[in-house]
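A look at the structure
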Amino acid sequence: MKSLCITSQPEPLQFTNKEVPVPKAGEVLVRIKAAALNHRDQWIREGKYPNIQMGTTLGSDGAGIVSAVGEGVEEEWLNREVIINPNRSWGENPLVQSAEYNILGMPKDGTLAEYVLVEAHRLVPMPEHLSFAEASAIPLGGLTAFRAAFHHGQCSSGKNVLISGVGGGVAQFAFLFAVHAGARVWVSSGSEEKIEQCLTLGAEGGFNYKSDSWTKEARQTGGFDLVIDSAGGNQVNDFVKLMKPAGRIVFYGATNGLPEKVDLYRMFWNQITLQGSTMGNDKEFAEMVTFINQHKLKPIIDSVRPLDEVLSAFDEMKAGKQFGKLVLSLE
């Protein structure tokens, strides 16, 4: 089978022919119909990810059809359309991942291949209203956003929510989840075009964070109950000033680095929470798929292209010009 692997060559991503794996007890073989990229894959490509193991097939997001089952796996899984949960070894504590936690696609072979071998308990039936391309876009980014929005953020109908840096994949899922939950949602971006796209999808308004006046404009909302952020840096203090009393700032990344200082005075007086977050546990994955089914939610997709053109998708992701998930089709 064709697999996209990490190598030590000048272009680290190379197609490799691997044997189609045979499922052992408790495992299933999924024929991948579509897979999606995450920034994690690009960081591995650039050598910026810990414990890279050469020869590993990349990819955490995928949807497909179960083509074989191992001993002890119910035969009813055969030929079912499924989404793959990329979480591995979260552990028994639903509040935080275990020390053994890892994600499909490093160190275990992932979804950027014609077939992937996973444990049967990693499967969730694919929502009927989604195509393979749409379903494949959900797992990693969707779960990260779902935990941030609902577990930590307590997002619900009527709350004022700000999704910062809405050009990112996780941010876009957080935006969609908050809108479908009935919240009043604003977005921020350095791109007026991306803000306009969110307005067509249900945003109350948007702010260009490149503008010196964006926080002044944001105050006119009356303040936020929840901010979901991936960048960190000094803008954390902008969020603190924009929060309603008892507001929550949930962040799942720090691409802007550490803030030079944090306005602790305002935080303790206004009872503000600053909360870190990661992907999510298996219960949350199942709840996320149920939410997507109930609301007939569809992810935002930038483009779908053949697996053979995967390097162009990686380059596009690195440039950061896309709006929505970059999907590879194997149909």
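Right above here is the structure, for reference.
The present account deals with the structure reproduced in this document. (Residues numbered from 1 in each chain as written. Predicted model: local features only at pLDDT ≥ 70, side-chain atom pairs only at ≥ 80, totals over all residues. Heavy atoms only, no water.)

What about the side chain of N208?
Following the sequence through the fold, N208 ends up in strand 12 (residues 205-208). A polar atom in the side chain of N208 sits 2.9 Å from the backbone nitrogen of K210. Setting aside residues up to four positions removed in sequence, N208 forms contacts with S189, G190, E192, I195 and W214. (Helix = DSSP H or I, 4+ residues; strand = E, 2+ residues; numbered from the N terminus. Polar contact = N/O pair within 3.5 Å; in protein donor to acceptor, adjacent residues only side chain to side chain. Contact = heavy atoms within 4.5 Å.)

Regarding the environment of E284
As for its placement among the helices and strands, E284 is situated in helix 9 (residues 282-295). For the pair E284 and L112, spaced 172 residues apart in sequence, the C-alpha to C-alpha distance is 24 Å.

Section: the pairing of strand 12
Residues in a regular strand project their side chains so that they alternate between the two faces of the sheet. Here strand 11 (residues 184-189) runs beside strand 12; their pairing, made up of four bridges, is parallel. Residue pairing in the sheet places W186 in a bridge with G205 of strand 12. Once the chain exits strand 11 it traverses helix 5 (residues 192-200) before rejoining the sheet at strand 12, and the crossover so formed is right-handed. (Pairing = 2+ DSSP bridges. Right-handed = clockwise from strand over helix to strand, strands pointing away.)

A few points about the environment of W90
Mapped onto the elements of the fold, W90 is located in the loop between strand 6 (87-88) and strand 7 (102-103). Taking the C-alpha atoms as reference, W90 lies 23 Å from L274; in sequence the two are 184 residues apart. For W90, the contacting residues outside a window of four places in its chain are L95, V96, Q97, S98, Y101, R147, T278, G280 and N281. Among the polar contacts made by the side chain of W90, one reaches the main-chain carbonyl oxygen of N93 at a distance of 2.8 Å.

Quick look at the pattern of salt bridges
For the coordinates displayed, the defined rule picks out 15 salt bridges. Between K298 and E134 there is a salt bridge, with its nearest N and O atoms 3.7 Å apart. Of this pair, K298 sits in the loop between helix 9 and strand 16 (301-306) while E134 sits in helix 2 (residues 132-136); the two residues are 164 residues apart in sequence, bridging distant segments of the chain. Residue K298 is classed as partly exposed on the basis of its relative accessible area of 43%. Residue class for E134 comes out buried when judged on its relative accessible area of 15%. The partner of E284 in a salt bridge is R147, with the nearest N and O atoms 2.8 Å apart. Here the residue E284 occupies a position in helix 9, and R147 occupies one in helix 3 (residues 139-152), the gap between them amounting to 137 residues. The class for E284 is buried, based on a relative accessible area of 6%. The class for R147 is buried, based on a relative accessible area of 2%. (Salt bridge = Lys/Arg side-chain N within 4 Å of Asp/Glu carboxyl O. Buried < 20%, exposed > 50% of the residue type's maximum accessible area, 1.4 Å probe, protein only.)

Let's talk about the packing of aromatic side chains
Taken as a whole and assessed by the stated rule, the structure comprises 11 aromatic pairs. Seen from their ring centres, F150 and F177 are 6.3 Å apart, and the 45° between their planes marks the pair as tilted. With a gap of 27 residues between them, F150 in helix 3 and F177 in helix 4 (residues 169-180) connect regions that are remote in the sequence. Judged by its relative accessible area of 0%, F177 falls in the buried class. Relative to W214, the ring of F207 has its centre 6.1 Å away and its plane inclined at 45°; by these criteria the two rings are tilted. Accessibility classification places F207 together with W214 in one group, the buried group. Here the aromatic cluster, defined as three or more aromatic residues joined through ring pairs, consists of F146, F150, F173, F177 and F291. (Phe/Tyr/Trp six-rings, centres within 6.5 Å; stacked < 30°, edge-to-face > 60°.)

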